[in-house]
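What follows is the residue order along each chain.
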Amino acid sequence: MADGKLAGTVILITGGARGLGRAMAVALAREGAQLALVDLDGEELQAAAREIEEIAGRESVVPLGADVADPDSATTAVHYAAENFGRLDVLVNNAAVGPDQITGNFYAGAPKFWELNPYVFLRMMEVNAAGPQLMAATAAPYMIRQGWGRIVNVTTALDAMYASGMGGYGPSKAALEAHTAAMANDLAGTGVTANVLIPGGPANTRMIPDSTGIPRQALIQPEAMQAPVVWLASRESDGHTGKRFIAAKWHEGLEACSGPCAWPQLGKQAILPEGVTR
Amino acid sequence: MADRPLEGKTALITGAGRGLGREMAEALAAAGAKVALLDLDRDVLSDAAKAVEAAGGQGCALAIESDVTDRIKATAAVEEVIGKFGGLDILINDAAMGPQYFQGGGGTGPKFWEIDPELWLRVITVNSYGPQLMASVAVPHLIERGWGRVINVTTSLDTMYRRGSGAYGPSKAALEANTSIMSEDLEGTGVTANVLIPGGAANTRMIADHIVPDRASLVQPYVMRAPAVWLSSAASDGINGRRFVAALWDEDLPIDERIEQAGASVAWSQLPSRAIRPAGTTALD
C-alpha cells in the first residue's frame, strides 16, 4: 500500500463512482494514492469504494456522497477528505451531467436548443462549470499551504463544446476550459498546477448510451485516462500547468498529446487601453 | 426608408437600461424598429425608454422590468412584447453581470479561491443560462414568422480565459459555444444566430474607473450601433454562426470588405483540435 509512485498522495475525485472517474480512481489507487471518492450515487459509490479497498486497503479510500454544485455539500466533502487523510494534494474535477440527460441518441433526432428543458441546461452549467470552481476554490488553499498540488479538470474536445444536440453540455465544458486557463494563471508560483485532461472523443461511459448505436468497443475506453492521470498526479508533471492533455493520444508522447488550455492559438484579440492587462 | 432599414421590425434587447444595451436600443429605434427594453433595474429603464422614444418616435419603446434567469418572467416578457407590438423579430442578449462584480476595490482582481461561490454561480446563471432561456422562449415565434435574429453579446476570445474576472470569461465562453449551437439548430429557418462584441474593454460600468481612469481610451459603446442595425436587418440575411467585432466595423469600407474585416466564425472552430470519433458519427465528446 505504501508502495507506488503516488504513495502518500491524497486525491479527491468527483464523479468517482463510475465511468472515467472510477477508471482513474483504480489507477491512482494502484500507485498507492489515498482516495476520496465523491459522487451523488450512493450505491455505485459503495461499489467503487469496495473495489478501491481491494486494491489499496480499507484505510486508503473514503466514499463521500455529495453534490458538487451545492456549496454546503461540496465544501464539506473537500474539508472532510483533507481532515480524514491529513492533507489534500490532487483534485480531479470529473463529475458532470452528460449529454445522455438530453436524449438517448444525440446523433439523430436530438432536440433543438429551444426544445430543451431549461432546468437541464441550467443544471449542466451548475454541475459542470460551477461545481469544479466550487471544489477547486475549497481545495486550492490546502494545496497552496503545502506548496504542492494538482487540479485536473475533465472538459471535452474543443469542437464538442459547440456541437448541437447536447444542450448545455458543450457550453458548460467551454466555461470550464476557459476557467482552467485562468486557474493556472492564478496558481503560478504556488507549486500547484491546473490542467485539463480529456479522453479525446466519445468514451465508453453512460454518457454515450447504447441507443446511439455505437459499438462499445469503437469508443475510447475509460482506461485511456489512467496513465495520464497518474502522471498528472505525480511529481513528474511538475511545471506543466495551463495545458490540456488528450488521453487517447498519450501513447504518442507528451508533445503530441498536449497543447495549451482554451484557445490562445487564436491570439490576442481584445483591444485594451495601454497598461491594462486584463 | 433607406435610413430606416428596421421599419416594421420589433426587437427585444436585454440589459437595455444602460451601457451597450441602451446604445443598441437607441440605434435600432433610430433605424425604425419598435424596441422592447428589458432590464432588472426599473430606474435606468425609464430613462432609457425615453431616450429610445426620442430616437425612434413616440410609442416605439416598451420598458419591461424583468429577469432573464426567471422562466416565468422571461416568458411573460416575450408575450408582452408580442401583445404590444404584434410580433417579435429580433432578440439581442446583452444583459450580463460584468467583471466589476469580482474586482471590488481594485488591484489585480481576486484569485479563483477567493471568490464567493454564490456570486460565481449567479454570474454563470445570468450570462450563460439567461440567453439560452430568452432565446428558447423567443425563437419559436421567430421561426413561425420565417425570419428572425438572435444576437448574443459575448466577449473577446482571450478575455474568456483572462484571470481576475471570476466567472465572467467562462460564462461568455459558454455563450459563445452556445451561439454556434443555436446557429446550427436554426439553419434553414430564416432565423440566424450571431455574436456581436465591442472588441475590447468598453466604456460601461463593467470597467471600473480605478482600472481604467481614462475613459476615452476605452472602446466606446457607439461602435455597437452600426453593426447591430446591420445584423438586425434583412441586409444580413444568410449570415449565420459568425462573430463580429464592432470596433473593427468600418463604415467607410464596402460592405463585403467590412464583413470580412470585422467578422470571423463563431467560437474557436479555426483550431484543428477535433474529437476522435467512431466512424459515422459527426459530433460529440
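As the structure is a prediction and not an experimental result, all values here were calculated from the model.

Colleague: Any chance you could break down the overall build of chain B for me, citing the residues and the numbers?
Modeller: Each helix and strand counted, chain B has 8 helices and 8 strands in total. By the compact-globule yardstick of 19 Å for 285 residues, chain B fits well, its C-alpha radius of gyration being 18 Å. With respect to the principal axes defined by its C-alpha atoms, chain B has extents near 55 × 50 × 45 Å. Counting only residues that meet the buried cut, chain B has 59% of its 285 residues in that class. For chain B, restricting intrachain contacts to residue pairs at least 6 apart in sequence, the fraction spanning at least 24 positions comes to 69%.

Colleague: Quick rundown of the packing of helix 5 (residues 169-187) of chain A against helix 6 (residues 168-186) of chain B? Include the residues and the values.
Modeller: Where helix 5 of chain A meets helix 6 of chain B, the closest approach of the two axes is 7 Å, and the angle between their N-to-C directions is 145°. Between helix 5 of chain A and helix 6 of chain B lies a crossing whose hand is right-handed. In contact with A:G170, A:P171, A:S172, A:A174, A:A175, A:E177, A:A178, A:H179 and A:A182 of helix 5 of chain A, helix 6 of chain B contributes B:G169, B:P170, B:S171, B:A173, B:A174, B:E176, B:A177, B:N178 and B:I181. Taken together, the residues of the contact of helix 5 of chain A with helix 6 of chain B break down into 10 nonpolar, 6 polar and 2 charged.

Colleague: Kindly report on the sheet that holds strand 6 (residues 192-198) of chain A, identifying the contributing residues and their values.
Modeller: All names here are of chain A. One open sheet holds the 8 strands; their spatial order is 3-2-1-4-5-6-7-8, and the pairing between them is mixed. The open sheet terminates on both sides in strands that have one partner only, identified here as strand 3 (61-65) and strand 8 (258-260). Adjacent strand axes in the sheet meet at a mean angle of 20° when their direction is disregarded. By the bridge criterion, 3 bridges tie strand 6 to strand 7 (residues 243-246) in an arrangement that is parallel. Across the sheet, residue L197 finds its bridge partner in strand 7, namely F245. Strands in contact with helix 4 (residues 118-146) are strand 1 (10-14), strand 4 (90-93), strand 5 (149-153) and strand 6; relative to strand 4, the strand with the most contacts, it is inclined by about 165°.

Colleague: Lay out the interface of chain B and chain A with the relevant residues and their values.
Modeller: Each side of the interface is counted separately: chain B has 68 residues, and chain A has 70 residues. Contributions of two or more residues to the side of chain B that touches chain A are made by helix 5 (117-145) and helix 6 of chain B. Among the elements that make up the side of chain B that touches chain A, the one with the highest residue count is helix 5 of chain B (14 residues). In the side of chain B that touches chain A, the residues fall into 35 nonpolar, 20 polar and 13 charged.

Colleague: Provide a residue-level description of helix 7 (residues 225-232) of chain B, including the pertinent values.
Modeller: Counting buried positions over the 8 residues of helix 7 of chain B gives 6, a clear majority of the element. Taken as a whole, helix 7 of chain B has its buried residues at B:P227, B:A228, B:V229, B:W230, B:L231 and B:S232.

Colleague: Outline the nonpolar core, supporting the account with residue identities and numerical values.
Modeller: By size, the foremost hydrophobic cluster in this structure holds 207 residues, and its most contacted members are A:L28, A:L35, A:L37, A:V229, B:L28, B:V35 and B:L37. The biggest single contributor to this core is helix 4 of chain A, with 15 residues. Aside from chain neighbours lying at most four places away, what touches B:V35 is B:A11, B:I13, B:A25, B:L28, B:A29, B:V52, B:G56, B:C60 and B:A61.

Colleague: Tell me about the packing of helix 1 (residues 19-30) of chain B against helix 2 (residues 42-56) of chain B, and name the residues and values.
Modeller: Residue and element names in this part refer to chain B. Here helix 1 crosses helix 2 at 25°, and the two axes come no closer than 7 Å. Relative to helix 2, the element helix 1 is oriented roughly parallel. Crossing of helix 1 against helix 2: the hand is right-handed. In this structure, helix 1 uses R22, A25, E26, A29 and A30 to contact helix 2, whose residues at the interface are A48, A51, V52, A55 and G56. In terms of residue class, the contact of helix 1 with helix 2 is made up of 7 nonpolar, 1 polar and 2 charged.

Colleague: Break down the confidence of the model for chain B for me, citing the residues and quoting the values.
Modeller: When pLDDT is averaged across chain B, the result is 94; 95% of the residues are at 70 or more. Overall fold confidence (pTM) sits at 0.96, and the ipTM for the predicted complex is 0.95.

Colleague: So what about the sheet that holds strand 5 (residues 148-152) of chain B? Which residues, and what values?
Modeller: All names here are of chain B. With mixed pairing, 8 strands are arranged side by side in an open sheet as 3-2-1-4-5-6-7-8. Each end of this open sheet is capped by a strand with a single partner; those strands are strand 3 (61-65) and strand 8 (263-265). With direction set aside, neighbouring strand axes in the sheet form an average angle of 20°. With 5 bridges connecting them, strand 2 (residues 34-39) and strand 3 associate as parallel partners. If you follow L38 over to strand 3, its bridge partner there is I64. Relative to the sheet, helix 6 contacts strand 5 and strand 6 (191-197), its axis offset from that of strand 6 by approximately 160°.

Colleague: Outline the pairing of strand 1 (residues 10-14) of chain B, listing residues and values.
Modeller: All names here are of chain B. Counted residue by residue, strand 1 has 5 buried out of 5 residues, so it is predominantly covered. Both faces of strand 1 are covered, namely the face carrying T10, L12 and T14 and the face carrying A11 and I13. Direction of pairing for strand 1 relative to strand 2: parallel, over a ladder of 5 bridges. Bridge pairing links T10 to K34 in strand 2. Handedness of the β-α-β unit built from strand 1, helix 1 and strand 2 comes out right-handed. Sheet topology note: the strand 1/strand 4 (residues 90-93) ladder contains 3 bridges and is parallel. Following the sheet pairing, A11 is matched in strand 4 by I90.

Conventions we followed
Residues numbered from 1 in each chain as written. Chains lettered and ligands numbered in written order. Predicted model: local features only at pLDDT ≥ 70, side-chain atom pairs only at ≥ 80, totals over all residues. Helix = DSSP H or I, 4+ residues; strand = E, 2+ residues; numbered from the N terminus. Rg over C-alpha atoms; globule rule 2.2 N^0.38 Å. Buried ≥ 20, exposed ≤ 12 C-beta atoms within 10 Å, placed from the backbone. Contact = placed C-beta atoms within 7 Å. Axes fitted to C-alpha atoms, helices over the stretch in contact; angles between N-to-C directions. Left-handed = near helix turned anticlockwise from the far one by under 90°. Nonpolar A, V, L, I, M, F, W, Y, C, P; charged D, E, K, R; others polar. Pairing = 2+ DSSP bridges. Core = buried A, V, L, I, M, F, W, Y, C linked by C-beta atoms within 7 Å. Parallel < 35°, antiparallel > 145°, perpendicular 65-115°, else oblique. pLDDT = per-residue confidence, 0-100. Right-handed = clockwise from strand over helix to strand, strands pointing away.

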